[in-house]
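Topology and contacts: notes
Letter by letter, the chains look like this.
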Amino acid sequence: MEASKKILQVFWVEWFHRTPHINLTLHQVGAKFEPTSSVYQESLGIIGSVPAGILILTLLILLLYLLTRCCDTRPRKAASITCLKVTLVLFALFTLGALGVSIWGNEEVHEGVLVATRSVEHINSRLHSLRNLTKLFDETIQHNLQPQLNLFKETILKNEIENMTAQMFILESLNYMMSNISDVLLINVEDINTKIAPVELGGVTRMLLFGEMIRRVATIGITGLLMMFVFVLIVGVAMHSRCTLITFSVLGLLSMIVCWGLASVYLVVTVGLSDWCMDPNPFLDTQLNKLVANDVAVYYLRCDPTHPSPFSRYINHAQQAADLVLASLIKVTKVADQHYPRSELHPRLDRLLTYLNQSERTLSGVTTLLECPPVHSHYLTLLNSTCHQSMSGVVYLLLSAAGSGLLFTLLVWFTSHTWIYLNHKSVSGVDSNVMRDARQGTRNGRLYHSDGMAGLGGNGASSPATVGTLGRDSQHHNQHHNQHHNQHQHHNHNHYNHPPVGPNQGICCINTIGLHGTRRARTASIDTKRQSCASETCVH
């Protein structure tokens, strides 16, 4: 928990960590991040099923609504369509705003992943530098220092001196140096290299970058597609197109499924990430123990100054061996200068001293790279970017997906109501236009019965009686008119034809069409109506 205390946790972490974790038996389980545990997987699956349940519920409610609307044939007021159009546009703008939040969250996640990836790359680069130094140390010892010691030993043996004690001292010192180099110095450095050799984070960084690229592009693509669906709705409202609105109803249903599906995924990721951020070390301990010893994993993840480094023993032994070799070489140099020609020994002694100093510098560099504070600092940067920036971005994506799902539900609801309403309005509009034309025809001339024409051919004339308004049934009026017209022709069979008595005898064609301007009459043949009108006298 030492590292987690230093993490810059956003408040979302603790809030989502408190989400109840229950298994399939509805018993609460622990919130410890254990992705390999079947119990923990069940708890996350149940949490992720909540948005899926909301989706199923909204689809059922929408289905029931559409079933109730399909049988509604009542006419609507013309002002209702304006209200619906304004409502649709407002909710469409809200939906675009909710989808825009996902773009923001997507970039937040992307930036957090990039920072975390750079931290992993820094740690991996440090490991590579450590391997390179240990390799350089081995090469310096095996290919330079040890061969030069062997050559110096051969030179001592070839050049015999009178002081055998000095020669034996030099030979014993050389054997001691070679023993320390091979048995202590090399072995300890090789042990250090063995402890860190299995750790290779290059594949992890490549996998993170590749997965992040796919996630980012997919999020942008899905968001752009959903925005296009919203623009389809806006175009349909602007064009007053029933076909376009029906198309959006289908696209809106697909958008609802996509949004709530993404909400399920984001909710699972958010809860899991918050559980990990509350205590990230146990999970990483388990994963690193597959590669390195437990003491090495604990050393770098916690970097507790009260706990010694797992490499300190190897470093101390190697450093002591190097110091002993250097001290022995200095003593050998002093004795050799007193008993051997300087021109024969010093080129090799100088090279030995150079290689030994280089080995000590390399060993010092290895010691510096093995220190935990720099690695732990990169580790904390990784945690901060993940548990603060990336966590916030995932929460924004979750809120965007859930909000967009709700808004798409409302848009589909209002759109379905609108295109059904447009169907009724189109019928009502035609009826209104026809009746308006009929009323216009009525104002142009009064309608009269043909009863008054019978008096013109016989005993007397009767004044034409005014009958009828547009509210009278047209069929009954036509039958009545035809009956009297036939009586008039029979009565005046031997007489000359009389001109029309009134200025508006008969029924005007436009009035006949207007009176029959019902939905049933509109389906009849217009030509039949015109022939019917042609048999009458129309005054315009």
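Structure's up top.
What counts as what
- Residue numbering note: each chain is counted from 1, following its sequence as written.
- In keeping with the model being predicted, local features are shown solely for residues with a pLDDT of at least 70 and side-chain atom pairs are shown and tallied solely at 80 or more, while totals for entire chains, interfaces and linings include all residues.
- Side-chain metrics rest on all non-hydrogen atoms present in the structure, leaving aside hydrogens and water.
- Between 30 and 60 degrees the pair is tilted, below 30 it is stacked and above 60 it is edge-to-face, where a pair is any two Phe, Tyr or Trp rings, Trp via its six-membered ring, whose centres lie within 6.5 Å.
- A run of DSSP states H or I qualifies as a helix once it reaches four residues; a run of E qualifies as a strand once it reaches two. Both are numbered from the N-terminal end.
- The rule is simple: take the accessible area with a 1.4 Å probe, protein chains only, and divide by the maximum for that residue type; under 20% is buried, over 50% is exposed, in between is partly exposed.
- Two conditions define a charge sitting above a ring: the NZ of Lys or the CZ of Arg must be within 6 Å of the ring centre, and it must be within 35 degrees of the ring normal.
- Any two cysteine sulfur atoms lying within 2.5 Å of each other are counted as a disulfide.
- Helix axes use the C-alpha atoms of the stretch in contact, all axes being lines fitted to C-alpha atoms, and the angles between their N-to-C directions lie in the range 0 to 180 degrees.
- By definition in this entry, angles of less than 35 degrees are roughly parallel, angles greater than 145 are roughly antiparallel, angles of 65 to 115 are roughly perpendicular, and the rest are oblique.
- Crossing handedness follows the turn of the near helix against the far one: under a right angle anticlockwise gives a left-handed crossing, and clockwise gives a right-handed one.
- Charged residues are taken to be Asp, Glu, Lys and Arg, nonpolar residues to be Ala, Val, Leu, Ile, Met, Phe, Trp, Tyr, Cys and Pro, and polar residues to be all remaining types, Gly included.
- Whether two residues are in contact is decided by their heavy atoms, any of which lying within 4.5 Å being enough.
- Only residues above 30% relative accessible area that lack a salt bridge enter a patch, with like-charged residues linked at up to 9 Å and the nonpolar side chains Val, Leu, Ile, Met, Phe, Trp and Tyr linked at up to 5 Å.
- Here the Shrake-Rupley method, with its probe set to 1.4 Å, supplies the accessible areas, and only the displayed protein chains count as covering residues.
- The term salt bridge refers to a pairing of a side-chain nitrogen on Lys or Arg with a carboxyl oxygen on Asp or Glu at a separation within 4 Å.
- Throughout, the arc means that of the directions going from the helix axis to the C-beta atoms.

A separate point is the packing of aromatic side chains. According to the stated counting rule, one finds twelve aromatic pairs in the structure shown. Seen from their ring centres, Trp 12 and Phe 16 are 6.1 Å apart, and the 40 degrees between their planes marks the pair as tilted. Placement of both Trp 12 and Phe 16 in helix 2 (residues 11-17) is noted, with a separation of four residues, approximately one turn of the helix. For the residue pair Trp 12 and Phe 16, the accessibility class agrees, reading buried in each case. Here Trp 104 and Tyr 396 contribute two aromatic rings whose centre-to-centre distance is 4.6 Å and whose plane-to-plane angle is 20 degrees, an arrangement assigned as stacked. Remark: Tyr 396 occurs in helix 12 (residues 372-444) and Trp 104 occurs in helix 4 (residues 78-158); sequence separation between them is 292 residues. Residue classification places Trp 104 among the partly exposed residues on the basis of a relative accessible area of 48%. Among the aromatic residues, those joined into a cluster by ring pairs are Phe 11, Trp 12, Trp 15 and Phe 16. The side chain of Arg 313 reaches across the aromatic face of Tyr 314, ending 4.4 Å from its centre.

Looking now at unusual backbone geometry. Although it is not a glycine, Leu 26 adopts a positive phi angle of roughly 65 degrees. Within the fold, Leu 26 resides in the loop between helix 2 and helix 3 (38-69). A positive phi angle, close to 55 degrees, is found at His 240, a residue other than glycine. Secondary-structure assignment places His 240 in the loop between helix 6 (202-239) and helix 7 (242-278).

Moving on, we get to the state of the cysteines. In total, this model carries two disulfides according to the counting rule given. One disulfide in the model links Cys 277 with Cys 387; its S-S distance is 2.0 Å. On the sign convention where negative means left-handed, the S-S torsion of about -95 degrees between Cys 277 and Cys 387 marks this disulfide as left-handed. Here Cys 277, found in helix 7, pairs with Cys 387, found in helix 12; they are 110 residues apart in sequence, far enough to count as distant. By relative accessible area, Cys 277 is classed as buried at 0%. Bridging Cys 303 to Cys 372, the disulfide has an S-S length of 2.1 Å. Because the torsion about its S-S bond is 65 degrees, the bridge between Cys 303 and Cys 372 counts as right-handed. Taken as a pair, Cys 303 in the loop between helix 9 (294-302) and helix 10 (312-339) and Cys 372 in helix 12 lie far apart in primary sequence, 69 residues in all. Note on accessibility: Cys 303 and Cys 372 belong to one class, buried. Disulfide partners in the protein, listed by the sequence order of the bonded cysteines, are 1-4, 2-3.

To continue, consider the packing of helix 5 (residues 164-196) against helix 10. The contact between helix 5 and helix 10 brings their axes to 8 Å, and the two run at 160 degrees. Looking at the two axes, helix 5 sits roughly antiparallel to helix 10. Here helix 5 and helix 10 pass one another in a crossing that is left-handed. Residue composition of the contact of helix 5 with helix 10, grouped by class: 21 nonpolar, six polar and four charged.

With that out of the way, let us pick up the packing of helix 8 (residues 281-288) against helix 9. Their axes nearest at 9 Å, the elements helix 8 and helix 9 cross at an angle of 145 degrees. Crossing handedness for the pair helix 8 and helix 9: right-handed. Where helix 8 abuts helix 9, its residues Asn 281, Leu 284, Asp 285 and Leu 288 lie against Ala 297, Val 298, Leu 301 and Arg 302. Residues belonging to the contact of helix 8 with helix 9 are distributed by class as follows: five nonpolar, one polar and two charged.

Where nonpolar side chains cluster on the molecular surface, the patch consists of Ile 56, Leu 60, Leu 63, Leu 64 and Leu 67 and spans about 500 Å² of accessible area. Mapped onto the elements, Ile 56 comes out in helix 3.

This next bit is on the pattern of salt bridges. When charged atoms on two side chains of opposite charge get close, those side chains can pair. Inspection of the entire model under this criterion finds six salt bridges. Between Glu 14 and Arg 18 there is a salt bridge, with the nearest N and O atoms lying 2.7 Å from each other. Here Glu 14 falls in the partly exposed class, since its relative accessible area comes to 40%. A relative accessible area of 62% places Arg 18 in the exposed class. Among the ionic pairs, Arg 302 bridges to Asp 285, the shortest N-O distance being 2.9 Å. Residue Arg 302 is located in helix 9, and its partner Asp 285 is located in helix 8; the two are separated by 17 residues in the primary sequence. With relative accessibility at 10%, the residue Asp 285 sits in the buried group.

Turning our eyes to something else, we now look at helix 8. Helical geometry note: an α-helix holds 3.6 residues per turn, so side chains three or four residues apart project in the same direction. Restricting attention to buried positions, one finds in helix 8 the residues Asn 281, Leu 284 and Asp 285. Around the axis of helix 8, the buried residues are gathered within 110 degrees of arc, so they sit on the same side.

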